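# Fold and geometry: a report
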Amino acid sequence: MSNSKASNEDRNKRHKKAMQRKKEHVDNRIAEATIDKGLLVVLTGNGKGKSSSAFGMLARSVGHGLRCGVVQFIKGLWECGEQKLFEDNPLVEFHVMKTGFTWETQDREKDIAAAVKTWEKAEALLSNEEIDVVILDELTYMLTYGYLEGTMVLDALKNRPSQQHVVVTGRNASKELIEIADTVSEVADTKHAFNAGIKVQKGIDY
Ligand code: ATP
Ligand code: MG
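All values derive from a computational prediction rather than experimental measurement.

## Side note on the site of ligand 1
- Around ligand 1 sit 14 residues, and of these Lys 48, Gly 49, Lys 50, Ser 52 and Asp 205 come closest.
- In this structure, Gly 49 approaches ligand 1 through a main-chain N or O atom, which is 2.8 Å from an oxygen atom.
- One nitrogen or oxygen atom from the main chain of Ser 51 is found 2.8 Å from an oxygen atom belonging to ligand 1.
- Look at ligand 1: alone it shows 570 Å² of surface, and the protein chains cover 84% of it.
- Of the residues belonging to the shell around ligand 1, the class tally is 1 nonpolar, 7 polar and 6 charged.

Have a look at this one:
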């Protein structure tokens, strides 16, 4: 047997042993996770990938036949692919604030009125036991701009049906929101094409 063959066999054996140990560890962790509850997932940070991740979870949920609600704060001036795909789906109730970005409207009073009206849709979903999954896209900005009252939003999230999943997206999630969440991901802005002068791209950006 050549030296290289012997060392390869040795490596394979070590790999098998390590994988056996890993499987035991993973199996134990899976067996320990026995709680079944509605999750609050918060996707925050300055990098790209928050809303697209939320709509990835929506796609999964619809795939399983779950009933879903979407409320998009801010957006609505141009139609995103996710809206085109899901708005006519009987499993999805889709609401869009439609004001566009704050630097587009430049009208605080109008933005607040729109935010409050849109929040009513969110509140209705968060108190409906028949809705399995709620996506509150770009909700954090409504709180950082002070368009919606923080405790009102936190209370609605806390008092929702116990099996209902909620996904909140947006930069600068508050400490209080992070505290009541079950899963929090902070997407880092390592690099973004836009900063190299590249235009927004259909499918990737909207
Ligand atoms: P996406 O919807 O692509 O997952 P996002 O929800 O994480 O993005 P938002 O701040 O909501 O981020 O951004 C909406 C738009 O701005 C998208 O077109 C996205 O590609 C772009 N964008 C996101 N992050 C950055 C960034 N760090 N620099 C420049 N553009 C960004
Ligand atoms: Mg987003």
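## Structural notes on the packing of aromatic side chains
- Per the counting criterion, the structure on display carries 3 aromatic pairs.
- Each ring, one from Phe 55 and one from Phe 94, has its centre 6.4 Å from the other, and the planes form 15 degrees; the classification is stacked. Here Phe 55, found in helix H2 (residues 50–63), pairs with Phe 94, found in strand S3 (residues 92–96); they are 39 residues apart in sequence, far enough to count as distant. Note on accessibility: Phe 55 and Phe 94 belong to one class, buried.
- Here the aromatic rings of Tyr 145 and Tyr 147 are separated by 5.4 Å at their centres, their planes lie at 40 degrees, and the arrangement is tilted.
- Tyr 147 sits in the buried class, given a relative accessible area of 9%.
- Taken together, Tyr 141, Tyr 145 and Tyr 147 form an aromatic cluster joined through their ring pairs.

Rules behind the numbers
- Residues numbered from 1 in each chain as written.
- Chains lettered and ligands numbered in written order.
- Predicted model: local features only at pLDDT ≥ 70, side-chain atom pairs only at ≥ 80, totals over all residues.
- Heavy atoms only, no water.
- Near = heavy atom within 4 Å.
- Polar contact = N/O pair within 3.5 Å; in protein donor to acceptor, adjacent residues only side chain to side chain.
- Areas by Shrake-Rupley, 256 points an atom, 1.4 Å probe, with all protein chains shown as cover.
- Nonpolar A, V, L, I, M, F, W, Y, C, P; charged D, E, K, R; others polar.
- Phe/Tyr/Trp six-rings, centres within 6.5 Å; stacked < 30°, edge-to-face > 60°.
- Helix = DSSP H or I, 4+ residues; strand = E, 2+ residues; numbered from the N terminus.
- Buried < 20%, exposed > 50% of the residue type's maximum accessible area, 1.4 Å probe, protein only.

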